[in-house]
Amino acid sequence: MDMTEYENMINNRMYDPLDDFLVKSRQNARKLTRLFNQTTEEDGKYRKQLLKELFGKTGKSIYIEPSLKVDYGFNIEVGENFYMNYDCVILDCAKVKIGDNCMIAPKVQIYTAYHPLNAKERNSGRELAAPITIGDNVWIGGGAIINPGITIGNNVVIASGAVVTKDFPDDVVIGGNPAKIIKKI
């Protein structure tokens, strides 16, 4: 059975980002984020409507400060009581699942997309993506970067500027580059 490029993309197999469905999907996400990013404080209901159209799943309580940048949007799922501050980027070529009661500070970057290490494969133009899962009650500090394929447990605090390159369990504070456990909560 032939896999579509979308199926390849969300299943961590090399895919062609120039596939028609993927190109049109990214264009739609850019349109929705442009509309969202142009809203004002008085447009709260419209902002929420745009986010619910853009994301694959949201809780009832979602608040994001413009500006927001995403690749597809529909691969993002956020739980209840979700808050994201200014200027965040989510490259959602694979699924990004964020639990309930999560707070994300300004300029956080969440990347599912990556490229092959082998130069010949990388130069082919094909790409890879690995899913990210972030548990409940997580607070991500400003400027933190979450790399592809990462799972973050529940009740985790990620320090500002942390570069997360591996999985972390529940109930820890992490920070640094690469991030490591600073203390248990």
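Residues numbered from 1 in each chain as written. Predicted model: local features only at pLDDT ≥ 70, side-chain atom pairs only at ≥ 80, totals over all residues. Heavy atoms only, no water.

This brings us to the sheet that holds strand β15 (residues 157-158). Pairing in this open sheet of seven strands is mixed, and the strands run β1-β4-β7-β12-β15-β17-β18 from one edge to the other. Edge strands, defined here as strands with exactly one partner in the open sheet, are β1 (62-64) and β18 (180-184). Relative to β15, strand β12 (residues 139-140) is paired through two bridges, and the arrangement is parallel. Looking across to β15, one finds that Ile-140 is bridged to Ile-158. (Pairing = 2+ DSSP bridges. Helix = DSSP H or I, 4+ residues; strand = E, 2+ residues; numbered from the N terminus.)

We now examine the pattern of salt bridges. Scanning the model with the defined rule gives three salt bridges in all. One salt bridge connects Glu-5 with Arg-126, and the closest N-O pair in it is separated by 3.6 Å. On the criterion of sequence distance, the pair formed by Glu-5 in helix α1 (residues 5-10) and Arg-126 in the loop between α4 (119-123) and β10 (128-129) is long-range, its members being 121 residues apart. Since its relative accessible area comes to 27%, Arg-126 is described here as partly exposed. A salt bridge links Lys-107 to Asp-87; its shortest N-O distance comes to 3.4 Å. Of this pair, Lys-107 sits in the loop between β7 (103-104) and β8 (109-111) while Asp-87 sits in the loop between β4 (82-84) and β5 (88-91), and the two are 20 residues apart along the sequence. Among the residues examined, Lys-107 registers a relative accessible area of 48% and is labelled partly exposed. (Salt bridge = Lys/Arg side-chain N within 4 Å of Asp/Glu carboxyl O. Buried < 20%, exposed > 50% of the residue type's maximum accessible area, 1.4 Å probe, protein only.)

Once that is clear, we can look at the pairing of β18. Burial analysis of β18 places just zero of its five residues in the buried class, a small minority of the element. Summarising the sheet, strand β17 (residues 172-175) and β18 pair through four bridges and their orientation is antiparallel. Across the sheet, the residue bridging to Ile-174 is Ile-181, located in β18. From the end of β17 to the start of β18, which pair antiparallel, there are four residues, and Gly-176 there has a positive phi angle of about 100°.

Our next topic: the packing of aromatic side chains. The description of an aromatic ring pair uses the distance of the two centres, along with the angle that the planes make with each other. Per the stated rule, a full pass over the model turns up five aromatic pairs. Ring geometry for Tyr-63 against Tyr-83: centres 6.0 Å apart, planes inclined by 5°, an arrangement best described as stacked. Taken together, the residues span a long stretch of sequence, with Tyr-63 in strand β1 and Tyr-83 in strand β4 at a distance of 20 residues. What makes Tyr-63 partly exposed here is its relative accessible area of 36%. The exposure class assigned to Tyr-83 is partly exposed, which follows from its relative accessible area of 27%. (Phe/Tyr/Trp six-rings, centres within 6.5 Å; stacked < 30°, edge-to-face > 60°.)

Among the nonpolar cores identified, the biggest contains 39 residues, and Ile-110 and Ile-158 are the most heavily contacted of them. For Ile-158, the residues in contact, after removing those within four places along its chain, are Trp-139, Ile-140, Gly-141, Ala-144, Ile-146, Ile-152, Val-164 and Ile-174. Membership of the second largest hydrophobic core comes to eight residues, among which are Tyr-15, Tyr-72, Cys-93 and Ala-129. (Core = buried A, V, L, I, M, F, W, Y, C linked by side-chain atoms within 4.5 Å. Contact = heavy atoms within 4.5 Å.)

Turning next to the UniProt feature "domain: Maltose/galactoside acetyltransferase" (unreviewed entry) in the protein chain. In the numbering adopted here, UniProt assigns the feature "domain: Maltose/galactoside acetyltransferase" (unreviewed entry) to residues 6-60. Along residues 6-60, the helical share is 62% and the strand share 0%, with 28 Å between the first and last C-alpha atoms. (UniProt positions renumbered as here; feature names shortened; annotations may be inferred.)

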